[in-house]
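Residue strings, one per chain:
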Amino acid sequence: MPDEQTVTQREGAPTAPSRTPSGTGLELKSLTKRFGDEVVAVDDINLHIAHGEYVVLLGPSGCGKTTTLRMIGGHEEPTSGDIVLDGQSLLGLTPDKRPTTTVFQHFALFPHRSVRENVEFGPKMHGISKAERREKAMTALDMVGLGAMSDRKPSALSGGQQQRVALARVLVMEPKALLLDEPLGDLDRLLRLRMRVELRALQRQLGLMFIHVTHDQEEALSVGDRIVVMHEGRIEQVADPFTISNLPENVRVASFMGDNNIFEGTVTSHEGGRVSIDGGDAQLRALAAESDARVGQQAVVSVRAAAVQVGEDARDANGPNQLLGQIEVVEYLGDLVKLHLAAAGRRLVAKVPGDRFPEFRGREGSSVQLSWKEEDVRLLRA
Ligand code: ATP
């Protein structure tokens, strides 16, 4: 059905020339937002985002990601710090005077206006002539693949198409940066999965800076060039999706990203680039040449669920990095099987390829050998 095709699949979609603006990009400088005396929503954050980059602000509810986006868009004034785009401070400018536009989660379209009139509305408010705003609206609608539906009313469009109208409505303003506040939050799961591919493709096609707020880890990994993980108003880690997923810097990032097994213990030796940790019932050894861990220190490590080997013979039965676990739940997820386990008085999670499901089906309650390699044990900062 042509209406349901994605931007990447759509035949004849205009390949707009990359509009990547030149300039130094966006800088958040010691940006802070307090609400009253009690709440520090955003606490002295620094971040640089280049033009053409897709950056995701990710974190649990209340971590300050929406407030950060609202300050960039001019919907909230910072308590202190600065927001600089291409060398110019944006402070004091109202949203309509900023070279940014925001796509909100609830993208209310005017129901009684056509798709084209919805998109023309912004330029009309800026006093742009009828002929020019019509042309701009049609260009923006072509970018999102809706040129042929410009005369329809929003009610005659699917949810995904309405979302694309919302995108066209902001693209028509020719922003230097697009701010997306939980843009997929209102959509059902299948549409969300498709729209995130569309957003990614559109951003690539336009070459614009996209700043996208979400609390959904998978969505962040899927769309972002870089992910900014926030916690209690502060930035915990900024990195590409692979690094955030596989090399979390600290306990908060490792816990929030999920599917990491976290162990605490005392460092018992550090030699030959290996750190041994006594975690009580769990003995761990990490390959950590660069670590400054000292004997006697407390340490926290993580082991990715996908790095846990299940049911394989341990090379050294008394060695570190292995435990006997009991399967609590076998969760079949198609491409993979997630095993929820109890081992050494804690809950662990392991992911194995989906084709191993027959091996684990109905094995709740039985014991399995768990092990992992020392290069998969990651020492975390507290
Ligand atoms: P969510 O995903 O739930 O939207 P968030 O990470 O986007 O959360 P923010 O909305 O930025 O978080 O809120 C950060 C903190 O600031 C929270 O503690 C929130 O309660 C508080 N806060 C946000 N807006 C206001 C406001 N207008 N007045 C008082 N406190 C506020």
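Throughout what follows, the structure given in this document is the object of discussion.

## A look at the sheet that holds strand β7 (residues 177-181)
Adjacent strands of a sheet form backbone hydrogen bonds with each other and so pair up, either parallel or antiparallel. As summarised here, the arrangement of the six strands in space is β6-β7-β8-β3-β9-β10, forming an open sheet in which the pairing is mixed. Unpaired on one side and paired on the other, β6 (100-103) and β10 (234-239) mark the two borders of the sheet. Adjacent strand axes in the sheet meet at a mean angle of 20 degrees when their direction is disregarded. Direction of pairing for strand β9 (residues 226-231) relative to β10: antiparallel, over a ladder of five bridges. Within β10, the residue paired with I227 across the bridge is A239.

## Here we look at the environment of D86
With respect to the helices, strands and loops of the structure, D86 is situated in the loop between β4 (80-85) and β5 (88-89). Considering only alpha carbons, one finds D86 and S367, 281 residues apart in sequence, at a separation of 59 Å. For D86, the residues in contact, after removing those within four places along its chain, are S22, G23, T24, G25, H51 and K176. A polar contact of 2.9 Å, which involves the side chain of D86, links it to the backbone nitrogen of G25.

## Looking at unusual backbone geometry
For D259, which is not glycine, the phi torsion reads 55 degrees and is therefore positive. Tracing the backbone through its elements, the reader meets D259 in the loop between α8 (251-257) and β11 (260-271). One non-glycine residue, N321, lies in the positive phi region at around 60 degrees. Structurally, N321 is set in the loop between β15 (309-310) and β16 (322-332). The exposure class assigned to N321 is buried, which follows from its relative accessible area of 4%.

## Looking at the packing of aromatic side chains
The tally for this structure, following the rule as stated, stands at four aromatic pairs. Judged by centre distance (5.2 Å) and plane angle (55 degrees), the rings of Y54 and F210 are tilted. One end of the pair, Y54, is in strand β3 (residues 54-58); the other, F210, is in strand β8 (residues 209-214), and 156 residues separate them in sequence. The same class applies to Y54 and to F210, which are both buried.

## Digging into the environment of R378
Mapping R378 onto the fold places it in strand β20 (residues 377-380). For R378, a relative accessible area of 25% translates into the label partly exposed. Considered as a pair, R378 and S302 are 76 residues apart in the sequence and their alpha carbons are 5.2 Å apart. In this structure R378 touches N246, L247, P248, E249, V300, V301 and S302, once residues within four positions along its chain are discounted.

## Comments concerning the packing of helix α2 (residues 115-125) against helix α4 (residues 159-171)
Packed helix pairs are characterised by how far apart their axes lie and by the angle those axes make with each other. Closest axis-to-axis distance for the α2/α4 pair is 7 Å, and the angle between their directions is 30 degrees. Classified by the interaxial angle, the pair formed by α2 and α4 is roughly parallel. Every pair of crossing elements has a handedness; the one defined by α2 and α4 is right-handed. Counting all contacts with α2, which are made through V115, N118 and V119, the residues of α4 involved are V165, A168 and R169. Looking at the contact of α2 with α4, its residues break down into four nonpolar, one polar and one charged.

## A closer look at helix α5 (residues 189-206)
Given a rise of 1.5 Å per residue, 18 residues ought to cover 26 Å, and the 26 Å separating the end C-alpha atoms of α5 matches this to within 8%. Within the sequence span of α5, burial applies to L191, M195, R196, E198, L199, R200, A201, L202, Q203, Q205 and L206. Here the buried face of α5 lies against β3, α3 (130-143), α4, β7, β8 and α6 (217-223). Following α5 by one or two positions, G207 adopts a phi angle in the positive range, close to 70 degrees.

## Things to note about the site of the ligand
Residues in contact with the ligand, as listed here, are F35, V39, A41, P60, S61, G62, C63, G64, K65, T66 and T67. In the model, an oxygen atom of the ligand is placed 2.8 Å from a nitrogen or oxygen of the G62 main chain. T66 places a polar side-chain atom, nitrogen or oxygen, 2.4 Å from an oxygen atom of the ligand. In the complex, 58% of the free accessible area of the ligand, which totals 630 Å², lies under the protein chains. Taken together, the elements giving at least two residues each to the shell around the ligand come down to β2 (39-49) and α1 (65-73).

## Remarks on the pattern of salt bridges
Should the charged atoms of two oppositely charged side chains come close, the side chains can pair. On inspection of all chains with the given rule, the structure shows 25 salt bridges. Between E120 and R116 there is a salt bridge, with its nearest N and O atoms 2.8 Å apart. With E120 and R116 both in helix α2 and four residues apart, this pair spans about one turn of that helix. Since its relative accessible area comes to 13%, R116 is described here as buried. Two residues, E120 and R134, come together in a salt bridge whose shortest N-O distance is 3.6 Å. With E120 in helix α2 and R134 in helix α3, this pair connects stretches of sequence that are 14 residues apart. Overall, R134 belongs to the partly exposed group, its relative accessible area being 35%.

The rules behind these values
- Starting afresh in each chain, residues are numbered from 1 along the sequence in its written order.
- Under the rules for a predicted model, residues below a pLDDT of 70 receive no local features and side-chain atom pairs below 80 are neither given nor counted, while totals for whole chains, interfaces and linings still include all residues.
- The side-chain values count all of the structure's non-hydrogen atoms but skip hydrogen atoms and water molecules.
- We treat two strands as partners when DSSP finds at least two bridges between them.
- Runs of E in the DSSP output that reach at least two residues are strands. Runs of H or I that reach at least four are helices, and both are numbered from the N terminus.
- Lines fitted to C-alpha atoms define the axes here, with helix axes fitted over just the stretch in contact, and angles between the N-to-C directions of these axes take values from 0 to 180 degrees.
- Should any heavy atoms of two residues lie within 4.5 Å, those residues are counted as being in contact.
- Polar contacts here mean pairs of N or O atoms no more than 3.5 Å apart (in protein, one a potential hydrogen donor and the other a potential acceptor; neighbouring residues in sequence count only if both atoms are side-chain atoms).
- In this scheme, a residue with accessible area under 20% of its type's maximum is buried, one over 50% is exposed, and one in between is partly exposed, where area comes from a 1.4 Å probe on protein chains only.
- The rule is short: rings of Phe, Tyr and Trp, with Trp giving its six-membered ring, pair when the centres are within 6.5 Å, and they are stacked under 30 degrees, edge-to-face over 60, tilted in between.
- By the definition adopted for this analysis, an angle is roughly parallel if under 35 degrees, roughly antiparallel if over 145, roughly perpendicular if from 65 to 115, and oblique otherwise.
- When the near helix sits turned anticlockwise from the far one by under a right angle, the crossing is termed left-handed; a clockwise turn instead gives a right-handed crossing.
- Residues are grouped as follows: nonpolar covers Ala, Val, Leu, Ile, Met, Phe, Trp, Tyr, Cys and Pro; charged covers Asp, Glu, Lys and Arg; every other residue, Gly included, is treated as polar.
- For a helix, the expected span equals 1.5 Å multiplied by the residue count minus one.
- We call a residue near a molecule or strand when any one of its heavy atoms sits within 4 Å of it.
- For accessible areas, the Shrake-Rupley method is used with a probe of radius 1.4 Å. Any residue's cover is judged against the shown protein chains and nothing else.
- For this analysis, a salt bridge means a side-chain nitrogen from Lys or Arg found within 4 Å of a carboxyl oxygen belonging to Asp or Glu.

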